Amino acid sequence: ELFVQIDGALRRRELELSHQRTEQQLQAQIRAKTAEIRYAHEEIVMRLMAASEFRDNETGQHIRRLGLYSAALARLLGWEEAIQDRLRLAAAMHDVGKIGIPDHILLKPGRLDAQEWEIMKTHTRIGHQILSGSQIPVLEMAAQIALRHHERWDGGGYPDGLSGHEIPIEARIITVVDVYDALTHVRCYKPAWPEEDAILEMKRLSGAHFDPDLLALFIDNLPAM
């Protein structure tokens, strides 16, 4: 009877070990597939943005900084790591619609006239057309960001004049970090602003151009970003 009990215990232990090995193998397969999908998404983004870099030399570094700032802000908001990473990639595609803007407007030194500005604003809808209709979550997020990142908290933005929480939070995040990066770096139409001046200007526009809560969170944590 004792031998039978020992034999049964050994068999149960063998089954448990076999189950554990199966679970470990399954988890390893899931991790490998997740990494594969993540790499594929990142490659899609980088290849798409390589096209933008042919049009605008500052775009490459700008989109990388935006991705990092956006992910940092998402982390401060308590978003899951996977969503933070999705936003980092989606942020890189916010201006992909500029592919469709003529060089004499996109690269013009100085201010655009009224007609040129109307053409420039179409980059939001062009970007949305390029990115929309995908079943890939990062492209779905990127499509909304491309369309909405020039909407303003007070409703004075474009293309549709959305206001407040009508604007997707991902787009509101990009609005904050995009303007900060644009102000503090050289563009073909302006020199870089000192950081202190950029922050003062953005604070002045809090509640008008920017979501006031997101802007305050960004500025308060900027030294650590």
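Preceding block: the structure.
Predicted, not measured: the structure shown is a model, and the values here were computed from it.

> Sorry if this is basic, but what is going on with the environment of Leu147 here?
Here Leu147 is to be found in helix 7 (residues 137–148). A sequence separation of 112 residues divides Leu147 from Ala35, and the C-alpha atoms of the two residues are 29 Å apart. Once you skip the residues sitting within four places of it in the chain, Leu147 turns out to touch Thr124, Arg125, His128, Tyr158 and Pro159.

> Explain helix 7 here, please?
In an α-helix, one turn spans 3.6 residues; hence positions three or four apart end up facing the same way. Helix length check: helix 7, at 12 residues, gives a terminal C-alpha distance of 17 Å against a target of 16 Å (1.5 Å per residue), a fit within 8%. Counting buried positions along helix 7 gives 9 out of 12 residues, so the element sits mostly inside the fold. Taken as a whole, helix 7 has its buried residues at Val138, Leu139, Met141, Ala142, Ala143, Ile145, Ala146, Leu147 and Arg148.

> Help me out: how do you make sense of unusual backbone geometry in this one?
Glycine aside, residues mostly have negative phi, and peptide bonds are mostly found in the trans state. In this structure, the amide linkage connecting Tyr158 to the following residue, Pro159, adopts the cis form with an omega of 15°. Relative to the helices and strands, Pro159 resides in the loop between helix 7 and helix 8 (169–183).

> Sorry if this is basic, but what is going on with the packing of helix 8 against helix 9 (residues 195–204) here?
The relative placement of two packed helices comes down to the angle between their axes together with the axis-to-axis distance. As a packed pair, helix 8 and helix 9 sit with axes 9 Å apart at the nearest point and diverge in direction by 145°. In the crossing of helix 8 with helix 9, the sense of the turn from one axis to the other is right-handed. Within the contact between the two elements, helix 8 uses Val176, Val179, Tyr180 and Leu183 and helix 9 uses Glu195, Ala198 and Met202. Taken together, the residues of the contact of helix 8 with helix 9 break down into 6 nonpolar, no polar and 1 charged.

> Would you explain the environment of Ala198 in this entry?
With respect to the helices and strands, Ala198 occurs in helix 9. The spacing of Ala198 and Ala182 is 16 residues in sequence and 9.4 Å in space, taken between C-alpha atoms. When near neighbours in sequence (up to four residues on either side) are disregarded, Ala198 contacts Leu183, Thr184 and Trp193.

> When you look at the packing of helix 7 against helix 8 in this model, what are you seeing that I'm missing?
Interaxial distance between helix 7 and helix 8 falls to 8 Å at its minimum, and their mutual angle equals 55°. It follows that helix 7 is oblique to helix 8 by the angle criterion. The crossing of helix 7 and helix 8 is right-handed. Here Met141, Ile145 and Arg148 of helix 7 come into contact with helix 8, specifically with Glu170, Ala171 and Ile174. Residue classes in the contact of helix 7 with helix 8 are distributed as 4 nonpolar, no polar and 2 charged.

> What's the story with the nonpolar core in this structure? I'm lost.
Soluble globular proteins: nonpolar side chains tend toward being buried together. Ranked by size, the top nonpolar core spans 38 residues in total, and within it Leu87, Leu131 and Phe218 carry the most contacts. For this core, the elements supplying multiple residues, two or more each, are helix 2 (59–76), helix 3 (81–91), helix 7, helix 8, helix 9 and helix 10 (212–221). The element contributing the most residues to this core is helix 7, with 7 residues. Residues contacting Leu87, with those up to four places away along its chain left out, are Ser70, Ala74, Trp79, Met141, Ile145, Glu170, Ile173 and Ile174.

> Sorry if this is basic, but what is going on with the packing of aromatic side chains here?
The description of two aromatic rings rests on the distance between their centres and on the angle between their planes. Scanning the model with the defined rule gives 4 aromatic pairs in all. Both rings, one in Tyr69 and one in Phe218, keep their centres 5.8 Å apart while their planes meet at 85°; by these two values the pair is edge-to-face. Residue Tyr69 is found in helix 2, and its partner Phe218 is found in helix 10; the two are separated by 149 residues along the sequence. Across the pair, exposure class does not vary: Tyr69 and Phe218 are buried alike. Judged by centre distance (5.8 Å) and plane angle (85°), the rings of Trp117 and Tyr158 are edge-to-face.

> Explain helix 6 (residues 123–131) to me, please; I cannot follow it from the model alone.
Regarding helix 6, the residues found buried are His123, Thr124, Gly127 and Leu131. Looking straight down helix 6, one finds its buried side chains confined to an arc of 105°; they lie on one side.

> It is not clear to me how a nonpolar patch on the surface should be interpreted in this structure. Could you clarify?
Residues Leu2, Phe3, Ile6 and Leu10 make up a contiguous nonpolar surface patch of about 480 Å² in total accessible area. For Leu10, the location among the structural elements is in helix 1 (residues 2–53).

Thresholds applied
- What you see as residue numbers is a count from 1 along each chain, following the sequence as written.
- Residues qualify for local features only when their pLDDT is at least 70, as the model is predicted, and side-chain atom pairs are given and counted only at 80 or more; totals for whole chains, interfaces and linings, by contrast, use all residues.
- To get the side-chain values, all heavy atoms of the structure are used, and hydrogens and water are removed first.
- Helix and strand assignments follow DSSP, with helices taken as H or I runs no shorter than four residues and strands as E runs no shorter than two, numbered in order from the N terminus.
- Throughout, a contact is declared for two residues whenever any of their heavy atoms are within 4.5 Å.
- Multiplying 1.5 Å by the helix residue count minus one yields the expected span of that helix.
- Exposure classes here rest on a 1.4 Å probe applied to the protein chains alone. A residue is buried below 20% of its type maximum, exposed above 50%, and partly exposed in between.
- Throughout, an axis means a line fitted to C-alpha atoms (over the contacting stretch in the case of helices), and angles, computed between N-to-C directions, take values from 0 to 180 degrees.
- By convention, the crossing between two helices is left-handed when the near helix turns anticlockwise from the far helix through less than a right angle, and right-handed when the turn is clockwise.
- Gly is put with the polar residues, along with every residue not named as nonpolar or charged; the nonpolar set is Ala, Val, Leu, Ile, Met, Phe, Trp, Tyr, Cys and Pro, and the charged set is Asp, Glu, Lys and Arg.
- Reported orientations rely on four angle classes, namely roughly parallel under 35 degrees, roughly antiparallel over 145, roughly perpendicular from 65 to 115, and oblique for the rest.
- We define a nonpolar core as any set of buried Ala, Val, Leu, Ile, Met, Phe, Trp, Tyr and Cys residues linked to one another through side-chain atoms lying within 4.5 Å.
- Between rings of Phe, Tyr and Trp, where Trp is taken as its six-membered ring, a pair exists when centres lie within 6.5 Å; planes separated by under 30 degrees are stacked, by over 60 edge-to-face, and by other angles tilted.
- As used here, the arc belongs to the directions running from the helix axis to the C-beta atoms.
- A patch consists of residues exposed above 30% relative accessible area that lack any salt bridge, with like charges linked at up to 9 Å and nonpolar side chains (Val, Leu, Ile, Met, Phe, Trp, Tyr) linked at up to 5 Å.
- Using the Shrake-Rupley algorithm and a 1.4 Å probe, accessible areas are obtained, with residue cover drawn only from the displayed protein chains.
- Only one rule defines a salt bridge in this text: a Lys or Arg side-chain nitrogen within 4 Å of an Asp or Glu carboxyl oxygen.

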